[in-house]
Amino acid sequence: MKKSLLALAFLPVLIFAQENPKLTDEMAMKLSEKPLHCINQEYPNKTAHIINNANEVTLTPKDLHPSFYGCFDWHSSVHGHWMLVRLLKTKPNLSVAKDIEKILDNSFTKENLQVEADYFTKYQLTTTFERTYGWAWLLKLDEELMTWNHPKAKIWHQNLKPLKDKILTSWKTYLPKQTYPNRTGVHPNTAFAMVFALDWARATGDKTFENELIEKAKYFYLNNTKTPAYLEPDGSDFFSPSLEIADLMRRILPQKEFVKWLDQFYEKRSIENIEKIPVVSDLSDYQTVHLVGLSFTKAWCMKGIAKSLPDNHPLKQKFQKTANIFLNNGLPLLFQGNYGGDHWLASFAVYALED
């Protein structure tokens, strides 16, 4: 423990103190340590499996999910894998590249991923498993592999197909029946999941799914005004419900329509509130540490929204500047907690740091 704290103390100050934080090779190396450590760590584990009978009591996380059993829970393992794919794809010369490739080879075997796919039909009551947060990260992982012109990526992507197909079928079945959005600041947040689903649909050319997502997003959010973001956050939020909605709507509305919508969506007091740095009172608490993730998700939403605004809009520079403040706040905290943050925060940081 003392050794790790000493190492942290001597990290170059600039790794955290850049005015405009970037995913440098140095930062990528530090962040990669988190999923490299936890992807094959089975315990502690928060399984979301519903035990249907006595025969299922003895099933371990690895029995249920031979690819995504580590990193405390299924969805964290999925986005931990996404992060490693992303780093290997964009920074192939990292010294840990071979370690990453070995882990992905083990996780993305055809046999293991078929078991992951079969989970959704083998057991009862799996229609709600990881709906829709884990589903969203699985599509993000699929998109990352699909858009990577690399021999191994093509194999891994093909092996992932049965699981992706199950998730996609489930989502297409569920979406027409989803009457109300979830406006929470944690996993079930609907807008966040729809963002990743929409990105996937556009990347793959699935026009039907894209149009269904767009129409549902308009049904949920187009008439929203004066959102009560002055009440954010709740005590364990890692999403800003209002910013997630805005990040979705910027993707589906032309710029002029988005500006008109955004100006009616936020009041001054809500803007002032969402720009506040989250207070994280206990980094060792598995729920309170979610607030570190809130800095990363606010950063990526604000960066995206700013890019979608015209140069003369007052929120453009404000959000660009505030996004960097959130990043500079969250990055040091990521390295000071325990497994409650270690098993998931690094992938959020990677996503937030990219342009």
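The name recorded for the protein chain in an unreviewed UniProt entry is DUF2891 domain-containing protein, from Chryseobacterium turcicum.

1. A few points about the packing of aromatic side chains
Tallied over the entire structure, the rule returns 35 aromatic pairs. A centroid spacing of 4.9 Å and a plane angle of 90° characterise the contact between W137 and F196, whose relative ring orientation is edge-to-face. Remark: F196 occurs in helix α10 (residues 190-204) and W137 occurs in helix α8 (residues 133-146); sequence separation between them is 59 residues. For W137, a relative accessible area of 0% puts it in the buried group. Taking 5.8 Å as the distance between ring centres and 40° as the angle between the ring planes, the aromatic pair formed by W137 and F348 counts as tilted. Linking W137 in helix α8 with F348 in helix α18 (residues 345-353), this pair joins segments that are 211 residues apart in sequence. Chaining the aromatic ring pairs together yields one cluster made of W82, Y133, W137, F192, F196, F238, F239, W300, W344, F348 and Y351. When the ring centre of Y174 is taken as origin, the NZ or CZ atom of R131, which lies over that ring, is 3.9 Å away.

2. Observations regarding the nonpolar core
Judged by nonpolar contacts, the single largest core of 117 residues is most densely connected at L31, L141, L163, F209 and F296. When residues no more than four places from it in sequence are discounted, the contact partners of L141 are F68, V78, H81, W82, V85, F108 and L160.

3. Here's the deal with the environment of P241
For P241, the location among the structural elements is in helix α12 (residues 241-252). By relative accessible area, which is 14% here, P241 ends up buried. Contact partners of P241, with chain neighbours within four places excluded, come to R183, T184, G185, N189 and E232.

4. Quick notes on the state of the cysteines
The full count for this structure, using the stated rule, is one disulfide. Two residues, C38 and C71, share a disulfide whose sulfurs are 2.0 Å apart. Between C38 and C71, the S-S torsion sits near 75°, and that sign places the bridge as right-handed. Of this pair, C38 sits in helix α3 (residues 25-38) while C71 is found in the loop between α4 (61-64) and α5 (74-90), placing the two residues 33 residues apart along the sequence. Here C38 matches C71 in class, with each residue buried.

5. Examining the environment of M146
Looking at the element boundaries, M146 is found in helix α8. Judged by relative accessible area, M146 falls into the partly exposed class, the value being 29%. With 64 residues separating them along the chain, M146 and W82 place their C-alpha atoms 12 Å apart. With sequence-adjacent residues up to four places away left out, M146 is seen in contact with H157, A203 and T204.

6. Topic: α8
Taking 1.5 Å of rise per residue, 14 residues should cover 20 Å, and α8 covers 20 Å from first to last C-alpha, within 8% of that figure. Within α8, 13 of the 14 residues are buried, leaving the element largely enclosed by the surrounding structure.

7. A look at the pattern of salt bridges
On inspection of all chains with the given rule, the structure shows 21 salt bridges. Ionic pairing is found between K152 and D105, a salt bridge with its closest N-O pair at 2.6 Å. Within this pair, whereas K152 is found in helix α9 (residues 151-174), its partner D105 is found in helix α6 (residues 97-107), the two being separated by 47 residues in sequence. What makes K152 partly exposed here is its relative accessible area of 26%. Residue classification places D105 among the partly exposed residues on the basis of a relative accessible area of 28%. Close ionic contact of K140 with D199 constitutes a salt bridge, the shortest N to O distance being 3.4 Å. One end of the pair, K140, is in helix α8; the other, D199, is in helix α10, and 59 residues separate them in sequence. Assessed through its relative accessible area of 5%, K140 is described here as buried. Overall, the relative accessible area of 16% leaves D199 in the buried class. Through salt bridges that share partners, K140, E143, D199, D247, R250 and R251 make up one connected network.

8. Concerning the packing of helix α7 (residues 110-122) against α9
At their nearest, the axes of α7 and α9 sit 8 Å apart, and the two run at 0° to each other. With respect to α9, the element α7 is oriented roughly parallel. From α7, K110, L113, Q114, E116, A117, D118, F120 and T121 reach across to α9, where they touch W156, N159, L160, P162, L163, K166 and I167.

Calculation rules
- Residues numbered from 1 in each chain as written.
- Predicted model: local features only at pLDDT ≥ 70, side-chain atom pairs only at ≥ 80, totals over all residues.
- Heavy atoms only, no water.
- Phe/Tyr/Trp six-rings, centres within 6.5 Å; stacked < 30°, edge-to-face > 60°.
- Helix = DSSP H or I, 4+ residues; strand = E, 2+ residues; numbered from the N terminus.
- Buried < 20%, exposed > 50% of the residue type's maximum accessible area, 1.4 Å probe, protein only.
- Lys NZ or Arg CZ within 6 Å of the ring centre and 35° of its normal.
- Core = buried A, V, L, I, M, F, W, Y, C linked by side-chain atoms within 4.5 Å.
- Contact = heavy atoms within 4.5 Å.
- Disulfide = S-S within 2.5 Å.
- Expected span 1.5 Å × (residues − 1).
- Salt bridge = Lys/Arg side-chain N within 4 Å of Asp/Glu carboxyl O.
- Axes fitted to C-alpha atoms, helices over the stretch in contact; angles between N-to-C directions.
- Parallel < 35°, antiparallel > 145°, perpendicular 65-115°, else oblique.

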